[in-house]
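Structure at a glance
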Amino acid sequence: MANKVEAAAEGLSPELRSQMAIALDVDDLVEAVRLARQLSPWFGVAKVGLELYSAAGPDAVGAMLDNGFDVFLDLKLHDIPTTVRKAAGVCGALGAKYLTMHAHGGADMMRAGVEGFTEGAINAGLEAPTAVAITVLTSDADAPDHIVPNRLRLAVEAGCGGIVCAGMNLKDLRELSPRTMRVVPGIRAEGADSHDQPHPVTPAAALAEGADLLVIGRAVTLADDPAAAAAALLGDLDASE
Ligand code: C5P
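A short tour of the structure in this document, coming up. (Residues numbered from 1 in each chain as written. Predicted model: local features only at pLDDT ≥ 70, side-chain atom pairs only at ≥ 80, totals over all residues. Heavy atoms only, no water.)

Some words on the pairing of strand 8 (residues 213-216)
Regular strands show a simple pattern: their side chains alternate between the two faces of the sheet. Burial along strand 8 is two-sided: the residues Leu-213 and Val-215 and Leu-214 and Ile-216 are all buried. Alignment of strand 1 (residues 20-23) against strand 8, held across three bridges, turns out to be parallel. When the sheet's bridge partners are listed, Ile-22 is paired in strand 8 with Ile-216. Looking at chain direction, strand 7 (residues 181-184) and strand 8 are connected through two bridges and run parallel. Bridging across to strand 8, Val-184 finds its partner in Leu-214. For the crossover from strand 7 across helix 10 (residues 203-208) to strand 8, the handedness is right-handed. (Buried < 20%, exposed > 50% of the residue type's maximum accessible area, 1.4 Å probe, protein only. Helix = DSSP H or I, 4+ residues; strand = E, 2+ residues; numbered from the N terminus. Pairing = 2+ DSSP bridges. Right-handed = clockwise from strand over helix to strand, strands pointing away.)

Written out as structure tokens, the structure is:
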């Protein structure tokens, strides 16, 4: 990359782009597709969460796949193992590459979810996907410190390939389980509005600490010009490698 202006015009390299997930936290599929398309030079992964899935259902997954994105289905599954297995199987067959489930649901539930998700994808002729565990919600300020490493161990034992963690936990989690994919939300430019994120981290710092996938939402999606906001937030990454 010759300079920041060129970087901003081109977007990210394919490798970095595959490490960026745009959180499409909107309740309208037309708006979600419009947002995703304009941000595609920067993001290779579209995160479909509860809001968009409640509004548009499986069509949201299909629309993102049709537009060339990998899909991170953030449904945070938590139910009895049989139900999670079946729901995860549907998500795998839909073509989601990543699916979240709550580690709080326990090892049997996560194992059922991993198996269902994998079977659903394989039976549909797709590659084996990655189940991602949520250890503790950022809104749960009362959770004791030991819970994150305990739930990480449980998730890894149950076969989850990834874990969602705050930037500040990256180092510990990398030491505890180096091969587990680390997914980091709360990404912000230095000094920017963190909204309700308690532990914001910059994209460069998260990558330097070992993040594998950055989940980025409001810092980009609430901007008047989301593509320009993405360029400002991510434009330096290739150059800084
Ligand atoms: O804050 P931002 O809009 O970038 O959030 C991106 C994602 O981070 C959300 O879709 C949600 O899954 C997650 N999040 C979180 N903790 C919060 C707020 C959002 O982990 N306090």
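A closer look at helix 6 (residues 81-94)
Spanning 14 residues, helix 6 covers 20 Å between terminal C-alpha atoms, matching the ideal 20 Å at 1.5 Å per step. Of all the residues in helix 6, the buried ones are Val-84, Ala-88, Gly-89, Cys-91 and Gly-92. Across the axial projection of helix 6, the buried residues extend over an arc of 165°, all falling on one side. Along its buried surface, helix 6 packs onto strand 3 (70-77), strand 4 (98-102) and helix 7 (107-123). Taken from the residues just after helix 6, Gly-95 is the one with a positive phi, measuring 105°. (Expected span 1.5 Å × (residues − 1). Arc of directions from axis to C-beta. Contact = heavy atoms within 4.5 Å.)

Everything listed here is a matter of geometry and, on its own, says nothing about what the molecule does.
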